[in-house]
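# Chains, contacts and geometry: an overview
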Amino acid sequence: MEVLMYIFLNSFIFGNHIPEYKFYNLVLDKDKEYFFGIDVSHYQGNIDWKNIQYEQDSLSFVFVRATMGTNRRDSLFLKNFKQAKSKDFVTGAYHYYDPNQRPEGQAKNFLQIISLENGDLKPVLDIEKKGKYSEKEMISHLKIWLNIVERELGVQPIIYSSFFFWEKYLKKDFGHYNHWLAAYSVKARLYPVTLNADAVQYADTLRVQGVSGPVDGNKIKRISFNKMIINKIKN
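For the structure given in this document, a descriptive report is provided here.

About the cut-offs
- Residues numbered from 1 in each chain as written.
- Predicted model: local features only at pLDDT ≥ 70, side-chain atom pairs only at ≥ 80, totals over all residues.
- Heavy atoms only, no water.
- Buried < 20%, exposed > 50% of the residue type's maximum accessible area, 1.4 Å probe, protein only.
- Helix = DSSP H or I, 4+ residues; strand = E, 2+ residues; numbered from the N terminus.
- Arc of directions from axis to C-beta.
- Contact = heavy atoms within 4.5 Å.
- Phe/Tyr/Trp six-rings, centres within 6.5 Å; stacked < 30°, edge-to-face > 60°.
- Lys NZ or Arg CZ within 6 Å of the ring centre and 35° of its normal.
- 1 Å grid on protein atoms, 1.4 Å probe; cavity = no way out; pocket = protein on both sides within 12 Å on 5 of 7 lines; lining within 4 Å.
- Points joined across faces, edges and corners; volume = space filled by probe spheres on them.
- Lys, Arg positive; Asp, Glu negative; His and termini not counted.
- Salt bridge = Lys/Arg side-chain N within 4 Å of Asp/Glu carboxyl O.
- Polar contact = N/O pair within 3.5 Å; in protein donor to acceptor, adjacent residues only side chain to side chain.
- Core = buried A, V, L, I, M, F, W, Y, C linked by side-chain atoms within 4.5 Å.

## Some words on helix α2 (residues 77-86)
Taken together, the buried positions of α2 are occupied by Phe 77, Asn 80, Phe 81 and Ala 84. Angular distribution of buried residues about the axis of α2 spans 95°; they occupy a single face of the element. Residues of α2 that are exposed and angled more than 90 degrees away from the buried face: Leu 78, Lys 82 and Ser 86. In this structure, the buried residues of α2 make contact with β3 (34-40), β4 (59-68), β6 (90-96) and α3 (103-113). Positive backbone phi, at 65°, marks Asp 88, one or two positions downstream of α2.

Here you go:
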């Protein structure tokens, strides 16, 4: 019964094919229930963007790590972001949040390096650990980061976390944000919190042509895709 339910839910949420419509520069399948993409950082090394492809699905979007904490920057961000966009992938940037550092400096670090346009994915806050501060303080700090970035760009950021961290710490205060949750097991993907997510990082060991090592695989629900794309960036 559990296997049948899994097959049903995955076909409902992560469907699989049919006609097409064009969104910005990307040809998407309008009746498909999900869109497939990857997220990358300097850990993937130099990516062969000219030949990148995934045999089991068409690659639609790419999230690229931009910054970490208050003063660290991904050494391959600018290259990866530019080349992913040149391939007409819907492209976004994310900040790896250090819960032991103040949010103001982290937001500044992120905003100084990114340049997002209409048609790009909304900026992402990647929060995975609680850190040294209390839960109340952590929530307050995350709100500061999110508010600074939203005020500067005019769009509400996306929040990335594990399904467990979202359920335990974030859901109550940030449930109105588009959220992208890591859930690698079948069991984790069947939890209501994961089924309700806009996007799921379902694997961290995919092999994609053009990338020398493992890479994260992600699926964004069709019904959430347009909500996660910028269409009114501030000038």
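## Points about the packing of aromatic side chains
We describe a pair of aromatic rings using the distance from one ring centre to the other and the angle between the two ring planes. Counted under the stated rule, the structure contains 12 aromatic pairs. The interplanar angle of 75° and the centroid separation of 5.8 Å between the aromatic rings of Phe 61 and Phe 63 together place this pair among those described as edge-to-face. Residue Phe 61 is classed as buried on the basis of its relative accessible area, which comes to 0%. Relative to Tyr 169, the ring of Phe 165 has its centre 4.7 Å away and its plane inclined at 50°; by these criteria the two rings are tilted. You can see Phe 165 and its partner Tyr 169 sitting in helix α5 (residues 163-174), four residues apart, about one turn around the helix. Comparing Phe 165 with Tyr 169, the two get one shared label, buried. Over the ring of Tyr 34 we find Lys 219, and its NZ or CZ is 4.6 Å from the ring centre.

## Some details on the layout of surface pockets
Of the pockets and cavities examined, the largest pocket occupies roughly 370 Å³. Residue lining of the largest pocket: 17 residues in total, with Ser 41, Tyr 43, Tyr 94, Glu 128 and Asp 216 positioned closest to the centre. Counting only elements with at least two residues in the lining of the largest pocket, the list comes to β3, β4 and β6.

## Section: the environment of Ala 93
Counting through the fold element by element, Ala 93 comes out in strand β6. On the basis of relative accessible area, Ala 93 is assigned to the buried category, the value being 0%. Sequence spacing of Ala 93 and Lys 122 is 29 residues, and the spatial spacing of their C-alpha atoms is 7.6 Å. If we skip the residues at most four places from it in the chain, Ala 93 touches Val 64, Ala 66, Phe 77, Phe 81, Phe 110, Ile 114, Leu 116, Lys 122, Pro 123 and Val 124.

## Focus: the side chain of Asp 198
In this structure, Asp 198 sits in the loop between α7 (192-195) and β10 (199-206). One buried charged side chain, Asp 198, makes no salt bridge at all; its nearest oppositely charged neighbour is Lys 227, positioned 5.6 Å away. Polar side-chain contacts of Asp 198 include one of 3.3 Å to the side chain of Asn 178. Among the polar contacts made by the side chain of Asp 198, one reaches the main-chain amide nitrogen of His 179 at a distance of 2.9 Å.

## Structural notes on the environment of Pro 214
Locating Pro 214 in the fold gives a position in the loop between β10 and β11 (215-221). The exposure class assigned to Pro 214 is partly exposed, which follows from its relative accessible area of 40%. Residues Pro 214 and Tyr 43 lie 171 residues apart in sequence; the distance between their C-alpha atoms is 9.3 Å. In this structure Pro 214 touches Gln 44, Asp 204, Thr 205, Leu 206 and Arg 207, once residues within four positions along its chain are discounted.

## A look at the nonpolar core
Residues Ile 38, Ile 52, Ile 114, Leu 170 and Phe 174 are the most contacted members of the largest nonpolar core, which totals 55 residues. Sorting the residues of this core by element identifies β3, β4, α2, α3, α4 (135-153), α5 and β10 as the ones contributing at least two each. Not counting chain neighbours up to four residues away, the residues in contact with Leu 170 comprise Ile 127, Met 138, Ile 139, Leu 142, Ile 159, Ser 161, Phe 165 and Gly 175. Counting residues in hydrophobic clusters, the runner-up holds 16 residues, among them Val 124, Ile 220, Phe 225 and Met 228.

The values reported here are purely geometric and, on their own, carry no functional implication.
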